[in-house]
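One-letter residues, chain by chain:
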Amino acid sequence: MAEQEDKQTVGEFMLERLGAWGVQRIFGYPGDAINGILAALHKQDEIAFVQARHEEMAAFMACAHAKFTGEVGVCLATSGPGAIHLLNGLYDARLDHQPVVAIVGQQKRASLGGDYQQEVDLVSLFKDVAGAYVQMASSPEQIRHLIDRAFHIAKTERRPTCVIVPSDLQTLDAVPVPPREHGSVMSGMGMVGRSMVPQPDALQAAAGILNAGGKVAILAGAGAHGAADELIQVAELLGAGVAKALLGKMVLPDDLPFVTGSIGVIGTQATFQMMNECDTLLMVGSSFPYSEFLPPEGQARGVQIDIDGKMVSLRYPMECSLVGDSKATLQALIPLLKRKEDRSWRGRIEKAVKESWALLERKAMNPEAPPVNPQRVFWELSERLPDDAVLTVDSGSVASWYALDIKAKPGMMGSLSGGLATMGSAVPYAYAAKLAHPGRLVVALAGDGAMQMNGMNGLITMARDYTTWADPRIVVIVLNNRDLSFVSWEQRGMAGEPKVDESQPLPDVAYADYAKLLGLDGMRVEQPDQIATALDAALRADRPFVIDVMSDPNMPPLPPHITRSQAEQYFKAIEAGDSDAEAVRRALEVQGEE
């Protein structure tokens, strides 16, 4: 009898193994194909099950957990529809190189191939998003090495993996130690860690290029997180400026005089100037895709540092590519660099940075953006943020104002869907960030389109749980412009077409009132002088707080330098009968005056 009580089910052993890997919470949604795992969760208290409102949000939360902790995120879903719902969040993790393990149920083994209800070929379904490792268990003996390999590969390759467990397998007796015989796999956990440093001759070649440059520009991305001290030292030695890709916004604080800020369509004038005038480019941990915002080919010699050899010399024709960890590689490179005595280039960069911030402030305070200029909301928020704030951001125009108007501070964290640029991630990201850092202020920045997709559902989860947090504040700022405005501007600027009135408008939702209905708090901002009042109320609230900003949809998220062809596209859209023609014309004229 005692021997029977000591036996574990496969589901129970899986959770034990996940706990040994350091997993403290699993994000998911229940379903009958994972009943054996859910029953095992009920019998233990080391791992928390976090019920999301939708499997997509569970996968977003797992991705955000990985981003804000450096740990592997774990999500759980049932077979068929639940598994399919995971895909968007898992692709977010894949394109942003985040380690996530998806555990997915499946119909009973005997039914597979029988066109059974909710039967989906899950191995094929996940083959692309979790192509590094996707396996379906067929016996209890496999579970140990499937979990171990999923975690090893997710950590070392920094991408999602997937383990599929049929429902009948979950309740069988576990086999924690496979038999020591031919055909068994004896996996282990061990520590997964590496500090890749390129060979000395490659470091010397890179140093030679950087030392020879007279006007060095640095672009830092998400892969440079943790290497701030080294980046600062390299920039000081080379007299360089540092631009930041969107996922690298928090790599360096913006109070450093040589940090030019964001790059690209939502980049600063200082970065645009630096990239068009530099003679040497150093890219660190970035796969920034838009080549038109990098130096013209042939103008600059290039050096790149990236941990993934597949990503080097892809965005710009690099003369020397160093495959290695950013921090370790920079540490090895620094002794080989020579301090540039001519600081005229650095002086020009610092002057451009001051002018760029002054320009952004003028744009933020521009009153010609009725009813509320969205840039001003972000500018005033930035002034109030504590150094340890965590920001989560959705795709669309909110990403523009986050990139431009939020000043990164030492210790601050922030992220968004970078590679996939999917809508709907900000609120589930914020929830996961709060669980990971319960004592820190978390701010979610969302557009009304994303808020209607996922954000409103995410508020339900916050309302359920906020009383358990050490700091109950999550501030959710919604740009309620009743328009999918970023796409509207893309239609004008990229296609020269007017806004499509059938696809772009959104219903006006009283987001703050909805929050109050859930037992949260909120305020609608309809005039610029209400911004400060709303922000101050949100920052001292005793629960999550929604600020519903009635913002101008025709404030253009334009690149720092509009070419003649781009301007022609915008005015072509106006002449074609854009329904917001006068507001668009006014916005473009104001932009031109700046």
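What this report covers is the structure whose coordinates are included nearby.

The rules behind the values
- Sequence order as written defines residue numbering, which begins from 1 separately in each chain.
- Local features are withheld for residues below a pLDDT of 70 in this predicted model, meaning they are given only at 70 or higher, and side-chain atom pairs are given and counted only at 80 or more; totals for whole chains, interfaces and linings count all residues.
- Computation of side-chain values covers all heavy atoms of the structure but excludes hydrogens and water.
- Per the convention used, a helix needs a DSSP run of H or I reaching at least four residues, while a strand needs a run of E reaching at least two, with both numbered from the N terminus.
- The buried label goes to any residue with under 20% of its type's maximum accessible area, the exposed label to any with over 50%, and the partly exposed label to all in between, with areas taken from a 1.4 Å probe on protein chains only.
- Throughout, a contact is declared for two residues whenever any of their heavy atoms are within 4.5 Å.
- The Shrake-Rupley method, run with a 1.4 Å probe sphere, supplies the accessible areas, and residue values consider only the shown protein chains as cover.
- The convention is simple: Lys and Arg are positive, Asp and Glu are negative, and His and the chain ends are not counted.
- By convention, charge coordinates are those of NZ in Lys, CZ in Arg, CG in Asp, or CD in Glu.
- The term polar contact refers here to a pair of N or O atoms within 3.5 Å; inside protein, the definition further demands a hydrogen-donor-capable atom paired with an acceptor-capable atom, and it admits residues adjacent in sequence only when both atoms are side-chain atoms.
- A pair of aromatic rings is counted whenever rings of Phe, Tyr or Trp (Trp by its six-membered ring) have centres within 6.5 Å, and the orientation is called stacked for planes under 30 degrees apart, edge-to-face for over 60 and tilted otherwise.
- Cation placement over rings: the criterion is NZ of Lys or CZ of Arg within 6 Å of the ring centroid and within 35° of the ring normal.
- The angle between two axes is taken between their N-to-C directions and runs from 0 to 180 degrees, where each axis is a line fitted to C-alpha atoms and a helix contributes only its stretch in contact.
- Between 65 and 115 degrees an angle is taken as roughly perpendicular, under 35 as roughly parallel, over 145 as roughly antiparallel, and anywhere else as oblique.
- Each residue is assigned to one of three groups, with Ala, Val, Leu, Ile, Met, Phe, Trp, Tyr, Cys and Pro labelled nonpolar, Asp, Glu, Lys and Arg labelled charged, and all others, Gly among them, labelled polar.
- The salt bridge criterion pairs a side-chain nitrogen of Lys or Arg with a carboxyl oxygen of Asp or Glu, the two atoms within 4 Å.
- In this description, a nonpolar core means a group of buried Ala, Val, Leu, Ile, Met, Phe, Trp, Tyr and Cys residues linked to one another through side-chain atoms lying within 4.5 Å.
- The pairing criterion is simple: DSSP has to find at least two bridges between the two strands.
- Multiplying one less than the number of residues by 1.5 Å gives the expected span of a helix.
- Note that the arc is defined by the directions from the helix axis to the C-beta atoms.

What about the overall build of the protein?
Okay, step 1: The helix and strand inventory of the protein stands at 22 helices and 18 strands.
Okay, step 2: By its C-alpha atoms, the protein is 85 × 65 × 45 Å across when sized along the principal axes.
Okay, step 3: The buried share of the protein, reckoned over its 594 residues, is 57%.
Okay, step 4: For the protein, restricting intrachain contacts to residue pairs at least 6 apart in sequence, the fraction spanning at least 24 positions comes to 73%.
Okay, step 5: With an accessible surface of roughly 23500 Å², the protein has 51% of that area assigned to carbon and sulfur atoms.
Okay, step 6: Charge-centre separation for the protein: the mean point of 53 positive side chains lies 5 Å from the mean point of 74 negative side chains.

Examining the environment of T78
Okay, step 1: In this fold, T78 is placed in the loop between β3 (73-77) and α5 (81-85).
Okay, step 2: Judged by its relative accessible area of 7%, T78 is buried.
Okay, step 3: Each C-alpha atom, one on T78 and one on Y29, is 7.5 Å from the other, the two residues being 49 residues apart in sequence.
Okay, step 4: Sequence-distant contacts of T78, defined by excluding residues within four places in its chain, comprise Y29, P30, G31, D32, A33, I34, A83, V104 and G105.
Okay, step 5: A distance of 3.2 Å separates a polar side-chain atom of T78 from the backbone nitrogen of A33.

A look at unusual backbone geometry
Okay, step 1: The omega torsion across P370 and P371 is -5 degrees, close enough to zero to call that bond cis.
Okay, step 2: Relative to the helices and strands, P371 is located in the loop between α13 (344-364) and α14 (374-384).
Okay, step 3: One non-glycine residue, Q118, lies in positive phi territory at about 65 degrees.
Okay, step 4: Following the sequence through the fold, Q118 ends up in the loop between β4 (100-106) and α7 (122-125).
Okay, step 5: Judged by its relative accessible area of 34%, Q118 falls in the partly exposed class.
Okay, step 6: Phi is positive for R158, close to 50 degrees, though the residue is something other than glycine.
Okay, step 7: Relative to the helices and strands, R158 is located in the loop between α8 (143-157) and β6 (161-166).
Okay, step 8: Under the relative-accessibility criterion, R158 is labelled partly exposed at 34%.

Notes on the packing of aromatic side chains
Okay, step 1: Enumeration over the complete set of coordinates arrives at 5 aromatic pairs.
Okay, step 2: Taking the centre distance of 6.3 Å and the plane angle of 75 degrees together, the rings of F60 and Y429 count as edge-to-face. Here the residue F60 occupies a position in helix α4 (residues 55-69), and Y429 occupies one in helix α16 (residues 426-436), the gap between them amounting to 369 residues.
Okay, step 3: Here F60 falls in the buried class, since its relative accessible area comes to 0%.
Okay, step 4: A relative accessible area of 0% places Y429 in the buried class.
Okay, step 5: In this structure, K249 is placed above the aromatic ring of Y402, and the distance from its NZ or CZ to the ring centre is 5.5 Å.
Okay, step 6: Geometry around W357 places K407 over its ring, the cationic atom sitting 4.6 Å from the centre.

Structural notes on the packing of α4 against helix α17 (residues 448-465)
Okay, step 1: Contact geometry for α4 and α17: axes closest at 11 Å, N-to-C directions at 80 degrees. By the angle class used here, α4 and α17 are roughly perpendicular. The segment α4 lies against α17, with E56, M57 and F60 engaging N454, N457 and G458.
Okay, step 2: Residue composition of the contact of α4 with α17, by class: 2 nonpolar, 3 polar and 1 charged.

Looking at helix α12 (residues 326-333)
Okay, step 1: Taken together, the buried positions of α12 are S326, A328, T329, L330 and L333.
Okay, step 2: On its buried side, α12 packs onto α9 (200-212), α10 (228-238), β10 (280-284), β11 (301-306) and β12 (320-323).
Okay, step 3: With a side-chain oxygen positioned 3.2 Å from the backbone nitrogen of K327, the residue opening α12 is D325.

Some remarks on the pattern of salt bridges
Okay, step 1: Scanning the entire structure with this criterion turns up 25 salt bridges.
Okay, step 2: Residues R348 and E277 are paired through a salt bridge, measuring 2.4 Å at the closest nitrogen-oxygen approach. Residue R348 is located in helix α13, and its partner E277 is located in helix α11 (residues 269-277); the two are separated by 71 residues in the primary sequence.
Okay, step 3: Classification of R348 as partly exposed rests on a relative accessible area of 39%.
Okay, step 4: Since its relative accessible area comes to 28%, E277 is described here as partly exposed.
Okay, step 5: For R301, the salt bridge is made with E319, and the minimal N-O distance between the two is 2.7 Å.

Quick notes on the nonpolar core
Okay, step 1: In this structure, I477 and I547 are the most contacted members of the largest nonpolar core, which totals 64 residues.
Okay, step 2: In terms of residues, this core owes the most to one element, α13, which gives 7 residues.
Okay, step 3: Discounting residues that sit within four places of it in the chain, I477 has contacts with V377, L381, V443, A444, L445, A446, L535, I547 and V549.
Okay, step 4: Among the nonpolar cores identified, the runner-up in size contains 56 residues, and A62, F68, F126 and V427 belong to it.

A few points about the pairing of β12
Okay, step 1: Burial along β12 is one-sided: the residues C320 and L322 are buried and none of S321 and V323 is.
Okay, step 2: With 4 bridges joining them, β11 and β12 adopt parallel strand pairing. Bridged to Q304 within β12 is S321.

Remarks on α13
Okay, step 1: The end-to-end C-alpha distance of α13, which contains 21 residues, comes to 30 Å, matching closely the 30 Å that a straight helix rising 1.5 Å per residue would cover.
Okay, step 2: Taken together, the buried positions of α13 are W345, R346, I349, A352, V353, S356, W357, L359, L360, K363 and A364. The buried residues of α13 occupy one face: seen down the axis, they fall within an arc of 160 degrees. Opposite the packed face of α13, turned more than 90 degrees from it, sit the exposed residues K351 and K354.

So, the side chain of D254
Okay, step 1: With respect to the element layout, D254 can be found in the loop between β8 (241-244) and β9 (259-262).
Okay, step 2: By relative accessible area, which is 6% here, D254 ends up buried.
Okay, step 3: One polar contact links the side chain of D254 to the main-chain amide nitrogen of A408, over a distance of 2.8 Å.
Okay, step 4: If near-sequence neighbours (up to four positions away) are discounted, D254 is found in contact with K244, K249, V259, G261, W357, I406, K407 and A408.

Details of the sheet that holds strand β13 (residues 390-393)
Okay, step 1: Spatially, the 6 strands line up as an open sheet ordered β14-β13-β15-β16-β18-β17, and their pairing is parallel. Each of the sheet's edge strands pairs with one partner strand only, and the pair in question is β14 (413-416) and β17 (521-525). Neighbour to neighbour, the strand axes of the sheet diverge by 15 degrees on average, direction disregarded.
Okay, step 2: Helix-sheet contacts for α4 involve β13 and β14, and the interaxial angle to β14 is about 145 degrees.

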